[in-house]
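Report on the structure
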Amino acid sequence: MKSLLAGAHVVTMDDAETEFQDGWVLMEDGFVTGVGAGAEPEADERVDVAGAVVTPGLVNTHHHLYQTLTRARAQQATLFEWLVELYPTWARIDAEAEYAAARTGIAELMLSGCTTVFDHHYVFPRGRTGLVEAEVQAAQELGCRIVASRGSMDLGVSDGGLPPDELVEDIDTVLAETERLAGALHESGAGARVQIAVAPCSPFSVTGRLMTESADLARRLGLNLHTHLAETVEEEAYCRELYGCSPVEYLDSLGWLDRDVWCAHCVHLSDPEIGRFADTGTGVAHCPTSNLRLGAGVAPVRSMLDAGVRVGLGVDGSASNERSHLFHEVKQALLVARGRGGPQAMTAREAIRLGTRGGAEVLGRSDIGVIAPGLCADLAVWRTDGLELAGAADPVAGLVFAGVDRVDRLYVGGELVVQGGALMRADESEIASAHRTQARRFAP
Ligand SMILES: [Zn+2]
């Protein structure tokens, strides 16, 4: 069936930065088959979204969905203090709680215009099964794409790491589980709904051997690689003391920096390190709200973009943001870039680009992030007649400056999964209620 979205201001995010006022988007079998303005093509269904702005669906490049269970804790803590306080609570995670947490975080993300969710799960208490499967199930039920990851930690406190020993695993278990999940769940090719990435947690919770063997496994299986990097000054000091180099130099020495890798945060990168990211094609998940919430600093995103580094946006963990609202990160990225570099440092359209096409590039996806024929029909439709955009001369910039709160319609693979700002396949109050029941088990 051919569906036509008509009467909108369409922001394609293509190479030419094409926008169509009074434009239309034609969809068929999950993909965009045409986009333009003026004379409308034939369609079986015409949806009039007059006055709305249509952007590509947003792509989230860093998250920990399970952390919705433990929000507003360790309120004045640095990253390391925050982690040490929360690890013992996270050790109670099981598939039931993970499912409730994932539904909550994914629902929030979808209502903020997100059509592809990456999640970095690295807490695997011994004997608990089905954690990654639970979040994949949540995404499939709500109708959103997911890139889930088999994260890992094997450097416990007794070996000089940060996490408690009860939360670390042995290397063989990690690698075998990662390969099993990839075999069971990973799809490749255009339109993939579920993918698996390999994601050892961080330099201070993973041994060099697991980092190296994870990279070997990912490259053998054709999966992308992800980790946290250069988030705080404490991490920098930790790496210098333990490894005698900066976090980026450490990762480089392990053979990680390459086109199949993206790293979360990268707040503390020197200019030569930014150059190294650009030369190797290594991507960055910029998580401005989380970095501010934990007082970690502000990533030098303008310099990264000028150097040609791939950059996307992430809401990061729901316990250090505490929202899973990706469009708020679009606004936040603009604000922190300007806080560092002045009002010229980022335009509103550049900020939207980071949240859409930038994220797709970071995840190695050429089938999403842009509205163009042949690409997935993943679209966010934003109303412009609400209070927050009243008087906005440029509705596209207005969305960003206002930090618009809720998408009106969301299409994933051509399917309408949000309409009128409400989920189509689930009831948001039921999701919140089920989450409250689970979150009680994690109360302090
Ligand atoms: Zn994170």
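As shown above, the structure is provided for reference.
A brief report on the enclosed structure follows. This structure is a prediction, so every number in the text was calculated from the model and none was measured. (Residues numbered from 1 in each chain as written. Predicted model: local features only at pLDDT ≥ 70, side-chain atom pairs only at ≥ 80, totals over all residues. Heavy atoms only, no water.)

Overview of the coordination of the zinc ion
Defined as follows: Think of the donor list as every N, O and S atom within 2.8 Å of the metal, or within 3.2 Å for Na, K and Ca; water never makes the list, so a site can look incomplete. Geometry assignment treats four donors as tetrahedral when all angles are between 85 and 135 degrees, treats four as square planar and six as octahedral when opposite donors are over 155 degrees apart and all others between 65 and 115, and treats everything else as irregular. Helix and strand assignments follow DSSP, with helices taken as H or I runs no shorter than four residues and strands as E runs no shorter than two, numbered in order from the N terminus. Here's how the labels work: a residue is buried when its accessible area is under 20% of the maximum for its type, exposed when over 50%, partly exposed in between, all with a 1.4 Å probe on protein chains only.
With distances of 2.1 to 2.5 Å, the protein atoms coordinating the zinc ion are His62 (NE2), His64 (NE2), His228 (NE2) and Asp316 (OD). Given four donor atoms and angles of 84 to 170° at the metal, the environment of the zinc ion is assigned as irregular. Sequence spacing of the donors to the zinc ion: H-x1-H-x163-H-x87-D. Taken together, the residues histidine 228 in strand E10 (residues 225-229) and aspartate 316 in the loop between strand E13 (311-313) and helix H11 (326-341) connect sequence positions 88 residues apart. The class of histidine 228 is buried, set by a relative accessible area of 8%.

Some points on empty space enclosed by the protein
Which entries qualify depends on this criterion: Using a grid of 1 Å spacing that covers the protein atoms alone, one calls a set of points a cavity when a 1.4 Å probe fits there but cannot get out, and a pocket when the set is open and has protein on both sides within 12 Å along at least five of seven lines; lining residues are those with an atom within 4 Å of a point. Grid points are joined across faces, edges and corners, and a volume is the space filled by probe spheres set on the points. Ten residues, namely Ala, Val, Leu, Ile, Met, Phe, Trp, Tyr, Cys and Pro, are considered nonpolar, four, namely Asp, Glu, Lys and Arg, are considered charged, and the remaining ones, Gly among them, are considered polar.
Taken as a whole and judged by the stated rule, the model has one cavity of 30 Å³ or more. Of the voids in this model, the largest cavity is the one considered here, and its volume is about 120 Å³. As for the largest cavity, its lining consists of 18 residues, of which Leu79, Leu83, Tyr122, His228 and Glu231 are closest to the centre. The greatest single-element share of the lining of the largest cavity, amounting to four residues, is contributed by helix H1 (residues 79-90). In the lining of the largest cavity, the residues fall into eight nonpolar, eight polar and two charged.

What to know about the pattern of salt bridges
Applied cut-off: For salt bridges, the criterion is a side-chain nitrogen of Lys or Arg within 4 Å of an Asp or Glu carboxyl oxygen.
Within this structure, the stated rule accounts for 26 salt bridges. Residues arginine 180 and glutamate 133 are paired through a salt bridge, measuring 3.0 Å at the closest nitrogen-oxygen approach. Residue arginine 180 is located in helix H4 (residues 171-185), and its partner glutamate 133 is located in helix H3 (residues 131-142); the two are separated by 47 residues in the primary sequence. Residues arginine 357 and glutamate 361 are paired through a salt bridge, measuring 3.1 Å at the closest nitrogen-oxygen approach. Here arginine 357 pairs with glutamate 361, and both are found in helix H12 (residues 348-362), just four residues apart, close to one helical turn. With relative accessibility at 34%, the residue glutamate 361 sits in the partly exposed group.

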